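Residue-level structural notes
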Amino acid sequence: MPEIILTDQNFEDEVLKSSVPVLVDFWAPWCGPCKMMGPIVEEVAKRFEGKPAKVAKLNVDEAAATAEKYNIMGIPTFKIFKGGEVVDEFTGVQSKEEIVKRLEKTLQ
Amino acid sequence: METCSLRSQNFLFCMYDLIIIGAGPAGLSAAIYAARRALKTLVLGKEIGGQAIYASQVENYPGFDLIPGFELMDKMKKHAEHLGAEFQSFKVKEIKKEGDIFRVQEEDGKIFEGWAVVLCFGAAPRKLGIPNEDKFKGCGISYCATCDAPFYKNKIAVVVGGGNAALDAALLLAKFAKKVYLVHRREEFRAEEVRVNQARALSNIEIILNSEVKGFKGDKTICGVSIGDIVNRTQREIEVNGIFVEIGHIIKSDFVKNLVNLDEHGQIVVNQKNETSAPGVFAAGDATVVPYKQIVIAAGEGAKAALSAYSYLQQVKQ
């Protein structure tokens, strides 16, 4: 799996202290649309291999404290972090192209 | 194998026998039937599985007494893929017919070409139509109770609607939330009696009839809604953390209104063979006039549309 798996423990190192933008997919196994997004997020991660960006998944049940900290009220939710800050966010099913476009924008 | 060549930066020209627009039960079933007839088939769909992936459990698809919606749809997708159907996750902007060929253009300008088209783009949740609704999606406004109800542990939620989906949302939320308001604009529910009785029996569900949500309060997330009583013409504010919208669906068929005949609700008019008013364009599923919006019906209609398309292609490609 090319995506980074986030936990409450590694979130700070992998996301907040990351030197490159990180797309975080907040998901849960009981959420149908989230599971449908799974392969799409994986393709996005493959697309960004070797580029200055990371793609990560955060299971809101397993990393509940982080999900709560970021006020997650609905999933699938995507947040793009850059320099420790949220620079873009969107909720609901997205096309691969849409996610790629939004992540690419943050590389500039 | 036909080629797919990149003729210019954004314009990817591909020639397919059949382009299926939409990847819900109708589109996936059409893809299975088309692929089994050895048609070079493309499924264009942003949301694989369509509305069915929002159903936590499906209990009426023959052969499955209980299966999560996304699992059923994942099986259908893999089935179609296994048979050779191709998938692209694009949103279609325009379909044009030039001679016998259809040119399907997606939002960013990529073009796919095909000999025939099946329209299966289904329906989308109807929105409340109040200011800032889109901005608060995921921050207190939800169209998917199964996705978002668990975030309302010990919180307060409003469910808007009066059909089965609204009652299911309220009953699910009642397991997590400390209080659920069920707001419906009529005197009577459209939902099944069993569900209504279950809701009435729960102490943490409060039913507010003849009322509608007029707006909401909140900075980053929602903290309150204003509810208007239609009969008394009064308005009041209620403190809540979120709004679940379950007021039915609309068909976004505007992009094909110059291609095929639609009825007054925007539904695509089809005959018994799933032919639309335009030769070479077929349609199936919730986007059509066919009654009863059910997974099994959409799947059946999709199969019919693919078989009709196959007959059409045998004539047109000679």
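Below or above, wherever it landed, is the structure these notes cover. (Residues numbered from 1 in each chain as written. Chains lettered and ligands numbered in written order. Predicted model: local features only at pLDDT ≥ 70, side-chain atom pairs only at ≥ 80, totals over all residues. Heavy atoms only, no water.)

This part is about the overall build of chain B. For chain B, the helix and strand inventory stands at six helices and 18 strands. The globule rule puts the C-alpha radius of gyration for 318 residues at 20 Å, and the 22 Å found for chain B is close to it. Seen along its three principal axes, the alpha-carbon backbone of chain B occupies a region of about 65 × 40 × 35 Å. When the 318 residues of chain B are sorted by exposure, 53% land in the buried category. About 15500 Å² of surface is accessible on chain B, with carbon and sulfur atoms providing 47% of the total. (Helix = DSSP H or I, 4+ residues; strand = E, 2+ residues; numbered from the N terminus. Rg over C-alpha atoms; globule rule 2.2 N^0.38 Å. Buried < 20%, exposed > 50% of the residue type's maximum accessible area, 1.4 Å probe, protein only. Areas by Shrake-Rupley, 256 points an atom, 1.4 Å probe, with all protein chains shown as cover.)

For the rest of this paragraph, the subject is a positive patch on the surface. A grouping of K46(B), K91(B), K137(B) and K252(B) is seen on the molecular surface, where their side chains present a positively charged patch. Along the polypeptide, K91(B) turns up in the loop between strand 4 (86–88) and strand 5 (92–98). (Patch = residues over 30% accessible without salt bridge, like charges linked within 9 Å, V, L, I, M, F, W, Y side chains within 5 Å. Salt bridge = Lys/Arg side-chain N within 4 Å of Asp/Glu carboxyl O. Lys, Arg positive; Asp, Glu negative; His and termini not counted. Charge placed at Lys NZ, Arg CZ, Asp CG, Glu CD.)

The next thing to look at is the packing of helix 2 (residues 32–47) of chain A against helix 4 (residues 96–107) of chain A. Residues and elements named next belong to chain A. Direction vectors running N to C along helix 2 and helix 4 enclose 40°, while the axes themselves pass 10 Å from each other. As summarised for this structure, helix 2 and helix 4 are arranged oblique, according to the angle between their axes. Once helix 2 is placed against helix 4, the crossing between them reads as right-handed. Facing helix 2, whose interface residues are M37, I40, E43, V44 and R47, helix 4 presents K96, E97, I99 and V100. Tallied by class, the residues present in the contact of helix 2 with helix 4 amount to five nonpolar, no polar and four charged. (Axes fitted to C-alpha atoms, helices over the stretch in contact; angles between N-to-C directions. Parallel < 35°, antiparallel > 145°, perpendicular 65-115°, else oblique. Left-handed = near helix turned anticlockwise from the far one by under 90°. Contact = heavy atoms within 4.5 Å. Nonpolar A, V, L, I, M, F, W, Y, C, P; charged D, E, K, R; others polar.)

So, on to the pairing of strand 7 (residues 111–119) of chain B. Residues and elements named next belong to chain B. Burial within strand 7 is extensive, with eight of its nine residues counted as buried. Sheet topology places strand 6 (residues 101–106) next to strand 7; four bridges connect them, and they run antiparallel. Bridging across to strand 7, Q105 finds its partner in I111. The antiparallel pairing of strand 6 with strand 7 creates a hairpin that spans four residues between the two strands, and G109 there sits at a positive phi of about 105°. (Pairing = 2+ DSSP bridges.)

This next bit is on the pattern of salt bridges. Two side chains of opposite charge can pair, provided their charged atoms sit close to one another. Within the structure shown, the criterion is met by 25 salt bridges over all chains. Note that D74(B) is salt-bridged to K78(B), the shortest N-O span being 2.8 Å. With a gap of four residues between them, D74(B) and K78(B) both fall in helix 2 (residues 69–82), about one helical turn apart. A relative accessible area of 26% places D74(B) in the partly exposed class. By sharing partners, the salt bridges in this structure join D88(A), E98(A), K101(A), R102(A) and D108(B) into a single network.

It is worth spelling out the sheet that holds strand 3 (residues 54–59) of chain A at this point. Residues and elements named next belong to chain A. The strand order 1-3-2-4-5 describes an open sheet built from five strands, whose pairing is mixed. Both edges of this open sheet fall to strand 1 (4–6) and strand 5 (85–91), since each of them pairs with a single strand only. Neighbour-to-neighbour, the strand axes of this sheet turn through a mean angle of 25°, independent of strand direction. Running at roughly 160° to strand 3, helix 2 makes contact with strand 2 (22–27), strand 3 and strand 4 (77–82) of the sheet.

Listed by partner, the interface residues are 24 residues for chain B and 21 residues for chain A. On the surface where chain B and chain A come into contact, there are one salt bridge. In this structure, K101(A) engages D108(B) in a salt bridge whose closest nitrogen and oxygen atoms are separated by 3.3 Å. At the surface where chain B touches chain A, the tally comes to three residue pairs in polar contact (both at pLDDT 80 or more). For the side of chain B that touches chain A, the elements supplying multiple residues, two or more each, are helix 2 and helix 3 (145–148) of chain B. Tallied by class, residues from the side of chain B that touches chain A come to eleven nonpolar, six polar and seven charged. (Polar contact = N/O pair within 3.5 Å; in protein donor to acceptor, adjacent residues only side chain to side chain.)

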